[in-house]
Amino acid sequence: MPPVVPPIPDRTDQYFWDGVSAGQLLIQRCTSCHTLRLPPVPMCGTCHATTWDTVAASGQGTVYSWILSHHPSEPDATPRVVVLVQLAEGPRFVSNLIDVDTDEVRNDMAVQLCFREVDGVTLPQFQIVAPRPECVPQ
Ligand SMILES: [Zn+2]
């Protein structure tokens, strides 16, 4: 079995994987009350409407929480940081934080969406936003 099991989209999450293929992280939005929801569900938990559309996430977020994953029988070649990202739009999203020294990871650090192919499957991932140089007074 490959380490990443390819998604099998259904009516509820086909839009999500279509968005990933197009380089977007799409968030479901209730067309009745405009509540955003991620992961997708067929009915709004706020107003019970079943109609929805999508909005594209900006890709900006912060680390809400994280763990260093240790698979018990098939460890990753490099440590894998699993993060719960607080998206700028409001919903939280579980993903991986990549290209990071595990000693650097902190809650509330700014992260940016990127897409990375893993075992033939394109996945939404996150990277640390590079700190901007300090303004130097003139
Ligand atoms: Zn609603």
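Residues numbered from 1 in each chain as written. Predicted model: local features only at pLDDT ≥ 70, side-chain atom pairs only at ≥ 80, totals over all residues. Heavy atoms only, no water.

Next up on the list: the side chain of Gln 86. Secondary-structure assignment places Gln 86 in strand β5 (residues 80–87). Here the side chain of Gln 86 touches Arg 92 through a polar contact of 2.7 Å, side chain to side chain. (Helix = DSSP H or I, 4+ residues; strand = E, 2+ residues; numbered from the N terminus. Polar contact = N/O pair within 3.5 Å; in protein donor to acceptor, adjacent residues only side chain to side chain.)

Our focus in this paragraph is the packing of aromatic side chains. As enumerated under the stated definition, the model contains 4 aromatic pairs in all. Ring centres 6.1 Å apart and planes at 40° place the aromatic pair Phe 16 and Phe 93 in the tilted group. Of this pair, Phe 16 sits in helix α1 (residues 14–21) while Phe 93 sits in strand β6 (residues 92–97), and the two are 77 residues apart along the sequence. Put simply, the rings of Phe 16, Trp 17, Phe 93 and Phe 126 touch in pairs and so form one group of aromatic residues. Here the guanidinium or amino end of Arg 92 rests over the ring plane of Tyr 64, the centre of that ring lying 3.5 Å away. (Phe/Tyr/Trp six-rings, centres within 6.5 Å; stacked < 30°, edge-to-face > 60°. Lys NZ or Arg CZ within 6 Å of the ring centre and 35° of its normal.)

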